[in-house]
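Take a look at the letters that make up each chain.
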Amino acid sequence: MAPLKLDPSCTTRAKKPSSIYFGGCAFGAAFYVGVVEAMVEMWGKDFHKDVLFSGDSVGSIFAVGLALGKSPQYLDNLYRDVAEYSIRKGPVYHSSVSLEKKIEQMLVEEKNALRRLEGRASFGTTTFPFNHTWHVNWENEEDFMNCINGSMHIPFYTKRNDKIKGKIVIDGAYGFKGNDLFHGDDTLYVGIDPHAEVTRTFTYTEMFFPSTGAAYDDIKKSGYDAMINWNGKMNKKCGHRVPNYSALYVLWFLSFFENLWIFLEVSVYYLLLAILYPLVILYKMTF
């Protein structure tokens, strides 16, 4: 594919915002890679230094990556690696496992990553029924990973994460509303939503299965083009973007059965232990 070129007229048309929010779109994140590439060309490779980043679901990865100064090429490689692994193993469960390893690797690469992220990046989770919560600081890397996994959690599709402060959480993008934005309507919204300034639509297949090859390049280029063609105008988001109530009903229904399944699994495990342990002791005493 030919190298992407910046339209010079765009550099004066679209002023860099004080904050940028990335929404959820699963494997549609190929679009975000192109968006970030355009941002760097428009505002310079150090544009992240005075921008507040936030995100939900897979958007949280871009918020964290940009706050740590990761390059478009780094994010491109991250997507490709996770996509390749997910194609080999299957996207259900395995995509979240692969992504978790990549995030852990990112934290290892960056010295004092958690401290550097405080006040620079945040990501959200949804608690029952429609409550969106930002995570802006973390006790340690384990707490950070649990929060970011929670931000991306789709019951039965991604790896199950532990409760956060005693509460079950699911994907933050579904509970997100415009009033949650740190700079309100002045926050640049990147996502698959009619209220977003930089956006496109995806099929369910494009979101839940990784794109590779020419399909990936096309989605990435659409992100680049959408960002380059943004005219700097902000949409009304506060009071307009609301939680996805219909999806949340379904997700909480699935979450109930996911946690019931886990409970039964654990219960059966300890029941077998309770039965087998005395039998082993009895066997040893007998022989």
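Residues numbered from 1 in each chain as written. Predicted model: local features only at pLDDT ≥ 70, side-chain atom pairs only at ≥ 80, totals over all residues. Heavy atoms only, no water.

A.B. asks: Just checking my understanding: could you explain the overall build of the protein chain for this structure?
C.D. replies: Scanning the protein chain from terminus to terminus reveals eleven helices and six strands. Against the 2.2 N^0.38 benchmark of 19 Å for 287 residues, the protein chain shows a C-alpha radius of gyration of 21 Å, consistent with a compact globule. Dimensions of the protein chain along its principal axes, counting C-alpha atoms only, are 85 × 40 × 40 Å. Contacts in the protein chain between residues at least 24 apart in sequence constitute 77% of all its contacts with a sequence separation of at least 6. Accessible surface computed for the protein chain: about 14,600 Å², of which carbon and sulfur atoms make up 59%. Seen as two clouds, the 30 positive and the 31 negative side-chain charges of the protein chain have centres 2 Å apart. (Helix = DSSP H or I, 4+ residues; strand = E, 2+ residues; numbered from the N terminus. Rg over C-alpha atoms; globule rule 2.2 N^0.38 Å. Contact = heavy atoms within 4.5 Å. Areas by Shrake-Rupley, 256 points an atom, 1.4 Å probe, with all protein chains shown as cover. Lys, Arg positive; Asp, Glu negative; His and termini not counted. Charge placed at Lys NZ, Arg CZ, Asp CG, Glu CD.)

A.B. asks: Explanation requested: the pairing of strand 3 (residues 121-127) in the structure shown.
C.D. replies: If a strand is regular, its side chains alternate between the two faces of the sheet. The element strand 3 is largely enclosed, with a buried count of seven among its seven residues. Of the two faces of strand 3, the one holding Ala-121, Phe-123, Thr-125 and Thr-127 and the one holding Ser-122, Gly-124 and Thr-126 are both buried throughout. In this sheet, strand 3 lies alongside strand 2 (residues 52-56) in parallel orientation, the contact comprising four bridges. Counted as the bridge partner of Gly-55 is Phe-123 from strand 3. Where strand 3 meets strand 4 (residues 131-135), five bridges bridge the pair, whose relative direction is antiparallel. Within strand 4, the position partnered with Phe-123 by the bridge is His-135. The hairpin formed by strand 3 and strand 4 contains three residues between the paired strands. As paired strands, strand 3 and strand 5 (residues 169-171) are joined by three bridges and run antiparallel to one another. In the sheet register, Thr-126 faces strand 5, and the bridge partner there is Ile-170. (Buried < 20%, exposed > 50% of the residue type's maximum accessible area, 1.4 Å probe, protein only. Pairing = 2+ DSSP bridges.)

A.B. asks: Where do I start with a nonpolar patch on the surface in this structure?
C.D. replies: A surface patch of nonpolar side chains, amounting to about 880 Å² of accessible area, comprises Phe-156, Phe-253, Phe-256, Phe-257, Leu-260, Trp-261, Phe-263 and Leu-264. Note that Phe-253 resides in helix 11 (residues 245-286). Relative accessible area serves as the criterion here: at 51%, Phe-253 is assigned to the exposed category. (Patch = residues over 30% accessible without salt bridge, like charges linked within 9 Å, V, L, I, M, F, W, Y side chains within 5 Å. Salt bridge = Lys/Arg side-chain N within 4 Å of Asp/Glu carboxyl O.)

A.B. asks: Help me out: how do you make sense of the nonpolar core in this one?
C.D. replies: Where a protein is soluble and globular, its nonpolar side chains tend to be buried together. Counting 68 residues, the largest nonpolar core has Ile-20, Phe-22, Met-39, Phe-144, Val-190 and Met-227 as the members making the most contacts within it. Ignoring sequence-local partners within four residues, the contact set of Met-227 consists of Val-35, Ala-38, Met-39, Met-42, Trp-43, Leu-188 and Val-198. Counting six residues, the second-largest nonpolar core is a separate cluster that includes Tyr-21, Phe-176, Tyr-189 and Ala-196. (Core = buried A, V, L, I, M, F, W, Y, C linked by side-chain atoms within 4.5 Å.)

A.B. asks: How should I be thinking about the confidence of the model for the protein chain in this particular structure?
C.D. replies: Do not read the predicted coordinates in detail wherever pLDDT is low. Scored by pLDDT, the protein chain has a mean of 91; 92% of the residues are at 70 or more. A low-confidence stretch, residues 1-12 (pLDDT under 50), is modelled with 16 contacts involving residues beyond four sequence positions or located in other chains. (pLDDT = per-residue confidence, 0-100.)

A.B. asks: What am I meant to see in the side chain of Ser-96 here?
C.D. replies: Assignment of secondary structure puts Ser-96 in helix 5 (residues 94-109). When its relative accessible area of 15% is taken as the criterion, Ser-96 is described as buried. Residues in contact with Ser-96, not counting those within four places in the same chain, are Thr-158 and Lys-159.

A.B. asks: What am I meant to see in the environment of Tyr-157 here?
C.D. replies: Positionally, Tyr-157 belongs in the loop between helix 7 (141-151) and strand 5. As a C-alpha pair, Tyr-157 and Val-92 span 65 residues in sequence and 4.9 Å in three-dimensional space. A distance of 3.0 Å separates a polar atom in the side chain of Tyr-157 from the backbone oxygen of Phe-208. (Polar contact = N/O pair within 3.5 Å; in protein donor to acceptor, adjacent residues only side chain to side chain.)

A.B. asks: Can you walk me through the packing of helix 2 (residues 30-43) against helix 10 (residues 213-228) in this structure?
C.D. replies: Packed helices, taken two at a time, are described by the angle their axes make and the gap between the axes. The N-to-C vectors of helix 2 and helix 10 enclose an angle of 40°; their axes lie 6 Å apart at closest approach. The angle between helix 2 and helix 10 places the two elements in the oblique class. Crossing geometry of helix 2 relative to helix 10 is assigned as right-handed. In contact with Ala-30, Phe-31, Val-33, Gly-34, Val-35, Glu-37, Ala-38, Met-39, Glu-41, Met-42 and Trp-43 of helix 2, helix 10 contributes Tyr-216, Ile-219, Lys-220, Ser-222, Gly-223, Tyr-224, Ala-226, Met-227 and Ile-228. A per-class count over the contact of helix 2 with helix 10 returns 14 nonpolar, three polar and three charged. (Axes fitted to C-alpha atoms, helices over the stretch in contact; angles between N-to-C directions. Parallel < 35°, antiparallel > 145°, perpendicular 65-115°, else oblique. Left-handed = near helix turned anticlockwise from the far one by under 90°. Nonpolar A, V, L, I, M, F, W, Y, C, P; charged D, E, K, R; others polar.)

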